[in-house]
Amino acid sequence: MNFRKYLVMGSQNCNGDPAPILETAIESGITAFQFREKGDGSLTGDAKLKLGIKLRSICSRHNIPFIVNDDLFLVKPLEADGIHVGQDDHDVREVRASFPYKIIGLSVSNQAEVARSPIDLVDYLGAGPIFHTPSKDDAKKPVGPGWIKQLRIDYPHKPIVGIGGINESNAASIMDSGANGVAVISAITRADDIYKSIRKL
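Source: prediction; values computed, not measured.

Colleague: Explanation requested: the side chain of Lys 5 in the structure shown.
Modeller: Its place among the elements puts Lys 5 in strand β1 (residues 5–9). Buried charge without a partner: Lys 5 forms no salt bridge, and the closest opposite charge is Glu 168, 10 Å away. Those residues in contact with Lys 5 that sit more than four places away from it in its chain are Gly 29, Ile 30, Thr 31, Ala 32, Val 182, Ile 198, Arg 199 and Leu 201.

Written out as structure tokens, the structure is:
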């Protein structure tokens, strides 16, 4: 999986239909997509599933990996390529047992979280929040690019994706710190020019 430009998005992050945003983002160069329908104003139930099917179809058409955030019940109906979980979501052991052949990502923001997490069971680490992020009301304290450097030392062969407050002006610092890619939300969903923003990431 190519993590270089990883879009994370749900309807709550968009003004209007997320589908054309995803289409434009793919055409502009994103390499992976995570369906994160979570937080204030997000969809639930059938509406969430319907949107997931729509976005999954777009990713399939363009051969873009489709990852579901947290919701284990969506993995099979959406035929997702993988699932991403946070520290307060499902236990990684449970996720791996349920989906032995799916891509699994795990968010980590400090050494204590790493110490209690079965890192060997996940395919990549979501490191952050690196900077202050406006996209998550419950975001933890920013950890800075130094967190990427530390993880790279500790896990030299594990794919690492920086997330949290990343935009076209600071993405390079994340890559220079040893990340395999950057995950962004508002840098794309709120961009005046999606093509230009993605090209600069």
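Colleague: I keep staring at the sheet that holds strand β6 (residues 124–127) and nothing clicks. Help me out?
Modeller: By way of backbone hydrogen bonds, the strands of a sheet pair with one another, either parallel or antiparallel. Spatial strand order, β1-β2-β3-β4-β5-β6-β7-β8: eight strands in a closed barrel with parallel pairing. Neighbour to neighbour, the strand axes of the sheet diverge by 25° on average, direction disregarded. The pairing of β6 with strand β7 (residues 160–163) spans three bridges and is parallel. For Gly 126, the partnering residue across the bridge sits in β7 and is Val 161. Sitting on the sheet, helix α1 (residues 18–28) touches β1 and β2 (32–35), and the angle it makes with β1 is about 180°. On the sheet, helix α2 (residues 45–62) packs against β2 and β3 (66–69) and is oriented at approximately 175° with respect to β2.

Colleague: What's the story with the pattern of salt bridges in this structure? I'm lost.
Modeller: Where charged atoms from two side chains of opposite charge approach closely, those side chains can pair. Counting across every chain of the model gives nine salt bridges. Between Asp 89 and Lys 38 there is a salt bridge, with the nearest N and O atoms lying 3.1 Å from each other. Placement of the pair is Asp 89 in the loop between β4 (82–85) and α4 (92–98) and Lys 38 in the loop between β2 and α2, with a sequence separation of 51 residues. A salt bridge links Glu 168 to Lys 200; the nearest nitrogen and oxygen atoms lie 3.9 Å apart. Taken together, the residues span a long stretch of sequence, with Glu 168 in the loop between β7 and α7 (171–176) and Lys 200 in helix α9 (residues 194–200) at a distance of 32 residues. Owing to a relative accessible area of 35%, Glu 168 belongs among the partly exposed residues under this scheme.

Colleague: Hey, could you run me through the pairing of β3 in this one?
Modeller: Looking along a regular strand, one sees side chains alternate from face to face of the sheet. Along β3, one buried face is formed by Phe 66 and Val 68 and the opposite face, lined by Ile 67 and Asn 69, is buried too. The parallel pair β2 and β3 is bridged by α2, and the resulting crossover is right-handed.

Colleague: Which parts of the structure should I look at to understand α1?
Modeller: Count 3.6 residues to each turn of an α-helix, and residues three or four apart come out pointing the same way. Of all 11 residues that make up α1, eight are buried, and the element is covered over most of its length. Of all the residues in α1, the buried ones are Pro 18, Ala 19, Ile 21, Leu 22, Glu 23, Ala 25, Ile 26 and Ser 28. Of the surrounding secondary structure, the elements contacted by the buried residues of α1 are β1, β2, α2, α8 (186–189) and α9. Between the side-chain oxygen at the start of α1 and the backbone nitrogen of Ala 19 there is a gap of 3.0 Å, and the oxygen is on Asp 17. The positive-phi residue at the C-terminal boundary of α1 is Gly 29, with phi of around 120°.

Basis of the calculations
- Residues numbered from 1 in each chain as written.
- Predicted model: local features only at pLDDT ≥ 70, side-chain atom pairs only at ≥ 80, totals over all residues.
- Heavy atoms only, no water.
- Helix = DSSP H or I, 4+ residues; strand = E, 2+ residues; numbered from the N terminus.
- Buried < 20%, exposed > 50% of the residue type's maximum accessible area, 1.4 Å probe, protein only.
- Lys, Arg positive; Asp, Glu negative; His and termini not counted.
- Salt bridge = Lys/Arg side-chain N within 4 Å of Asp/Glu carboxyl O.
- Contact = heavy atoms within 4.5 Å.
- Pairing = 2+ DSSP bridges.
- Axes fitted to C-alpha atoms, helices over the stretch in contact; angles between N-to-C directions.
- Right-handed = clockwise from strand over helix to strand, strands pointing away.
- Polar contact = N/O pair within 3.5 Å; in protein donor to acceptor, adjacent residues only side chain to side chain.

In short, shape yes, function no, at least from these values alone.
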